Amino acid sequence: MRNNYANTAQLKELMTAPPMTAARHAEVMRQRNARRRMIEEAREAKKADEPFDGDKR
């Protein structure tokens, strides 16, 4: 289970932080999608009993 109390930032710090730029958001989403894709490929390779090569694309 995820610990919701791990972030020790004060509310004022969170509320006064500048919003994420569109470019940064796009970069974060690309990284998240790449990680998810790699995990899915590893799971599929495990089911098929194939060695997983994370660098193939």
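Computed from a predicted model, the values in this text were never measured in an experiment.

Colleague: What is the right way to read the overall build of the protein from this model?
Modeller: Scanning the protein from N- to C-terminus turns up two helices and zero strands. Classification of the 57 residues of the protein by burial places 5% in the buried group. When the accessible surface of the protein is split by element, carbon and sulfur atoms take 53% of a total near 5900 Å².

Colleague: How should a nonpolar patch on the surface be read in this particular structure?
Modeller: Together, Leu-11, Leu-14 and Met-15 make up a nonpolar patch on the protein surface, roughly 360 Å² of accessible area in all. If you trace the backbone, Met-15 turns up in helix α1 (residues 11-16). Assessed through its relative accessible area of 64%, Met-15 is described here as exposed.

Colleague: In this structure, what is going on with a positive patch on the surface? I would like to understand it.
Modeller: Together, Arg-32, Arg-35, Arg-36 and Arg-37 line one region of the surface with positive charge. Note that Arg-35 resides in helix α2 (residues 22-47).

Colleague: Help me understand the pattern of salt bridges in this model?
Modeller: Pairing is possible between side chains of opposite charge, provided their charged atoms come close. Here the structure, examined in full by the defined rule, presents one salt bridge. Here Glu-27 makes a salt bridge to Arg-24, at a shortest N to O gap of 3.4 Å. On the criterion of helical spacing, the pair formed by Glu-27 and Arg-24 is a turn pair, its members being three residues apart in helix α2. Look at Arg-24 and you get partly exposed, because its relative accessible area is 39%.

Colleague: I tried to follow α2 on my own but got confused; where do I start?
Modeller: Since the α-helix packs 3.6 residues into each turn, any two residues three or four apart lie on the same face. End to end, α2 covers 37 Å across 26 residues, agreeing with the expected 38 Å (1.5 Å per residue, within 8%). Backbone geometry just downstream of α2 places Asp-49 in the positive-phi region, at approximately 55°.

What counts and what doesn't
Residues numbered from 1 in each chain as written. Predicted model: local features only at pLDDT ≥ 70, side-chain atom pairs only at ≥ 80, totals over all residues. Heavy atoms only, no water. Helix = DSSP H or I, 4+ residues; strand = E, 2+ residues; numbered from the N terminus. Buried < 20%, exposed > 50% of the residue type's maximum accessible area, 1.4 Å probe, protein only. Areas by Shrake-Rupley, 256 points an atom, 1.4 Å probe, with all protein chains shown as cover. Patch = residues over 30% accessible without salt bridge, like charges linked within 9 Å, V, L, I, M, F, W, Y side chains within 5 Å. Salt bridge = Lys/Arg side-chain N within 4 Å of Asp/Glu carboxyl O. Lys, Arg positive; Asp, Glu negative; His and termini not counted. Charge placed at Lys NZ, Arg CZ, Asp CG, Glu CD. Expected span 1.5 Å × (residues − 1).

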